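So the chains spell out like this:
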Amino acid sequence: MAAPAHGIDRIPDSLGYLVLTEDGAVISSGGQLENDEVTANKITKIVHTAYKIPVTGDSRDTLRRISVILDDVVFMITVSQKKIFVSKRHYLPQEPVPA
């Protein structure tokens, strides 16, 4: 894939990234997600499904970010300027502080 011009490749602790068009075509990718068409298709379906769910009655209130946690990784998904940005990172939840 071509070198990304979006800076998503510089996210600290990133395991991989995807930049997709609205219809799920891979614009750029890297790390564990390099050329990962299967994950790109799944992420695109999640985003399109989430856009169909009304959040409020305000039409200006649109989805911008989604976090998908699977075991020890999290996919951080952001929709901006008609592109889908995905960063795969380790998921390290904070332990609750005992009372």
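The structure displayed is predicted, hence computed values, not measured ones. (Residues numbered from 1 in each chain as written. Predicted model: local features only at pLDDT ≥ 70, side-chain atom pairs only at ≥ 80, totals over all residues. Heavy atoms only, no water.)

Here we take up unusual backbone geometry. If a residue is not glycine, its phi is most likely negative; likewise, a peptide bond is most likely trans. For Asp13, which is not glycine, the phi dihedral falls at a positive 65 degrees. Located in the positive-phi region is Gln81, a residue other than glycine, with phi close to 50 degrees. Mapped onto the elements, Gln81 comes out in the loop between strand E4 (73-80) and strand E5 (83-90). Look at Gln81 and you get exposed, because its relative accessible area is 69%. (Helix = DSSP H or I, 4+ residues; strand = E, 2+ residues; numbered from the N terminus. Buried < 20%, exposed > 50% of the residue type's maximum accessible area, 1.4 Å probe, protein only.)

For the rest of this paragraph, the subject is the sheet that holds strand E1 (residues 14-21). Within the open sheet, the 5 strands sit side by side as E2-E1-E5-E4-E3. Their pairing is antiparallel. Every interior strand has two partners, whereas the edge strands, strand E2 (26-31) and strand E3 (65-70), have only one. Across the sheet, the mean angle from the axis of one strand to that of its neighbour is 15 degrees, orientation sign disregarded. For E4 and E5, the ladder comprises 8 bridges, and the chain directions are antiparallel. (Pairing = 2+ DSSP bridges. Axes fitted to C-alpha atoms, helices over the stretch in contact; angles between N-to-C directions.)

So, on to the environment of Ser67. Inspection of the secondary structure assignment puts Ser67 in strand E3. Owing to a relative accessible area of 46%, Ser67 belongs among the partly exposed residues under this scheme. For the pair Ser67 and Val86, spaced 19 residues apart in the sequence, the C-alpha separation amounts to 9.6 Å. Contacts of Ser67, omitting those with residues within four sequence positions, involve Val74, Phe75 and Met76. (Contact = heavy atoms within 4.5 Å.)

Both E1 and E5 contribute to a ladder of 7 bridges, which runs antiparallel. The residue of E5 that forms the bridge with Thr21 is Lys83. Two successive antiparallel strands, E4 and E5, enclose a turn made up of 2 residues, where Gln81 displays a positive phi of approximately 50 degrees.

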